[in-house]
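Inside the fold
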Amino acid sequence: MRMNRLYIGTGMWGMLFFAACSQNDVPGNEISGSAEMCIYTDVARADGEGTDAGSTADNPVFLFWDFGNVLGNAEDPTPLYVKRPEKHIDTYKRPNEPYNTGELYPDGNRRVMATGYAPATLTPEKRTDNTDNTDNYERLTIPKDGLCKTDVLTSITPIVASAALPFDREGGETLQFMHAQSRVYFYAKLAENAEEYLKNVRIKLSPTVVATQVVWDREKNLYVPEASGGEGHELTQPDDYMLSSENSLKIGWAYIVPEQTSLPVSVTVARAETSDASGDEWKDVTMKATLYFDIKRDGQAEVDQGKSAKTLYANESYTFTLVFSEEGIELIGNKCPWEEGGYLIIPIYPLTD
């Protein structure tokens with residue numbers, strides 16, 4: 001990971017330095033690296049609260065860096081340790097046991113900085129500008145079969161420790177993670193008194209919102225998803241049920257590139273004149289729409305400060321319910337934390353043949 005002067009600004013440097021200093025942490029005070037490195041983790045929910053099931057991202061990868069190399073702007077520093085635990089990331093939250101790397105802190109009370117990501121199936125790119133062909137943990141590729149389906153987690157703020165002030169000490173810092181993407185759910189139903197026969201809803205997302213990789217942002221100190229612009233993603237109704245006005249059918253969900261102010265989609269639905277129509281009597285109807293966000297935010301809440309009501313950010317979830325009527329499709333948007341939330345109304349877009 002390239003960690004040059006852009007990686008840590010003055011504010012971050014000051015915070016990390018303060019977190020790692022003690023009376024023992026001064027030049028000339030040599031402390032043996034006899035302690036094993038143990039680290040606690042936790043996943044932050046969108047509303048800022050912790051959760052017992054914060055992630056679906058499976059196993060994490062922990063990266064431990066020589067903090068002196070980071071401050072010294074070392075060219076392409078290699079992590080001291082890259083650890084891939086065998087258990088889910090939520091296993092290592094307090095008051096559970098921390099993750100034990102099985103490695104000792106460096107001698108001389110050298111400081112170690114910790115970052116990380118999940119899931120471990122993300123693939124680091126190989127460096128092409130040197131001869132050792134090492135992994136570049138600054139740029140990670142999402143598996144092609146996992147596009148829009150991979151819950152990418154990123155550590156939020158690097159933490160620093162040493163043998164004198166270990167990661168897992170009482171009152172010590174926890175390596176916090178958040179969902180690096182936004183998440184959208186789609187449901188569909190008929191409007192009240194609608195006499196339509198509809199099924200097989202398909203929703204195609206624009207390539208502009210499909211993340212194909214995540215890249216370390218040196219200013220934000222976290223991994224940020226990026227779209228290549230070449231991969232769309234289609235959600236398909238998982239059953240052959242016809243839409244009804246009584247209950248919404250879940251069409252599917254997707255993780256998308258965050259900080260979207262709109263969501264371009266193409267919606268296709270099969271329509272027939274009768275409920276017992278044969279296969280060739282069902283005709284596809286397709287429309288294109290741009291879905292907009294209108295999120296009620298609490299200006300006093302820390303988690304909402306500085307955020308626009310028209311933007312869906314990382315670590316936030318949103319639901320669109322498509323309500324089909326004879327006149328068109330009414331879209332109901334539901335902004336929620338990573339778990340649940342309330343409703344709002346989106347304009348009507350007419351069906352087209």
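Residues numbered from 1 in each chain as written. Predicted model: local features only at pLDDT ≥ 70, side-chain atom pairs only at ≥ 80, totals over all residues. Heavy atoms only, no water.

Another aspect to go through is the pattern of salt bridges. Inspection of every chain in the model, using the stated rule, returns 12 salt bridges. Among the salt bridges present, the one from Asp240 reaches Lys199, with a minimum N-O distance of 3.4 Å. With a gap of 41 residues between them, Asp240 in the loop between strand S16 (233-236) and strand S17 (249-256) and Lys199 in strand S13 (residues 197-205) connect regions that are remote in the sequence. (Salt bridge = Lys/Arg side-chain N within 4 Å of Asp/Glu carboxyl O. Helix = DSSP H or I, 4+ residues; strand = E, 2+ residues; numbered from the N terminus.)

Right, let's get into the sheet that holds strand S18 (residues 262-272). Reading across from one edge, S16-S13-S18-S19 is the order of the 4 strands in this open sheet, with antiparallel pairing throughout. Each of the sheet's edge strands pairs with one partner strand only, and the pair in question is S16 and strand S19 (283-292). Strand-to-strand twist of the sheet, defined as the mean angle between neighbouring strand axes without regard to direction, takes the value 25°. Bridging between S13 and S16 involves 4 bridges; their strand directions are antiparallel. Note that in S16 the partner of Arg202 across the bridge is Thr236. (Pairing = 2+ DSSP bridges. Axes fitted to C-alpha atoms, helices over the stretch in contact; angles between N-to-C directions.)

This part is about the sheet that holds strand S15 (residues 222-227). Strand order in the open sheet formed by 4 strands is S7-S8-S14-S15, with antiparallel pairing between adjacent strands. The sheet is open, and its two borders are formed by strand S7 (123-126) and S15, each paired with just one other strand. Each neighbouring strand pair of the sheet contributes to a mean axis angle of 45°, computed without reference to strand direction.

Residues Phe186, Leu263, Val265 and Phe324 are the most contacted members of the largest nonpolar core, which totals 55 residues. No other element matches strand S20 (residues 317-324), which puts 5 residues into this core. Not counting the four nearest positions on each side in its chain, Val265 is found in contact with Phe186, Ile203, Lys204, Leu205, Met287, Lys288, Ala289 and Leu291. Of all hydrophobic cores here, the second largest spans 20 residues; its members include Val43, Phe64, Ala118 and Leu175. (Core = buried A, V, L, I, M, F, W, Y, C linked by side-chain atoms within 4.5 Å. Buried < 20%, exposed > 50% of the residue type's maximum accessible area, 1.4 Å probe, protein only. Contact = heavy atoms within 4.5 Å.)

Our focus in this paragraph is the pairing of strand S11 (residues 175-179). Every regular strand shows the same layout, with side chains that alternate between the two sheet faces. Counting buried positions over the 5 residues of S11 gives 4, a clear majority of the element. With 3 bridges joining them, strand S2 (residues 41-43) and S11 adopt parallel strand pairing. Residue Val43 lies in a different strand from S11, and its bridge partner there is Phe177.

As a further point, take the confidence of the model for the protein chain. Taken as a whole, the protein chain shows an average pLDDT of 79; of its residues, 75% reach a score of 70 or greater. Across the protein chain, the element-wise mean pLDDT spans from 34 in strand S22 (residues 344-349) up to 96 in S15. Throughout residues 1-29 the model reports pLDDT below 50, and contacts reaching past four residues in sequence, or to other chains, amount to 70 contacts. (pLDDT = per-residue confidence, 0-100.)

With respect to the helices and strands, the residue Ser155 is situated in strand S9 (residues 153-155). Residue Ser155 is classed as buried on the basis of its relative accessible area, which comes to 1%. Only 3.1 Å separates the side chain of Ser155 from the backbone nitrogen of Gly116, close enough to count as a polar contact. In contact with Ser155, not counting residues within four places along its chain, are Thr115, Gly116, Leu175, Gln176, Phe177, Trp216, Asn221 and Leu222. (Polar contact = N/O pair within 3.5 Å; in protein donor to acceptor, adjacent residues only side chain to side chain.)

In most cases, non-glycine residues show a negative phi, while peptide bonds are predominantly trans. Here the amide bond leading from Arg94 into Pro95 is cis, since omega sits at 5°, within 30 degrees of zero. Relative to the elements of secondary structure, Pro95 occurs in the loop between strand S4 (81-83) and strand S5 (99-104). Residues Ala118 and Pro119 are joined by a peptide bond in cis, for which omega reads 0°. By the element assignment, Pro119 lies in the loop between strand S6 (112-118) and S7. Backbone geometry at Asn221 places phi at a positive 60°, although glycine is not the residue there. Along the chain, Asn221 turns up in the loop between strand S14 (211-217) and S15.

For Arg110, the position within the fold is in the loop between S5 and S6. As for Arg110 and Phe67, which are separated by 43 residues in sequence, their C-alpha atoms are 7.7 Å apart. Other than its neighbours up to four places away in sequence, Arg110 contacts Asp66, Leu80, Ala161 and Ser162. Side chain to side chain, Arg110 and Asp66 meet in a polar contact 2.3 Å long.

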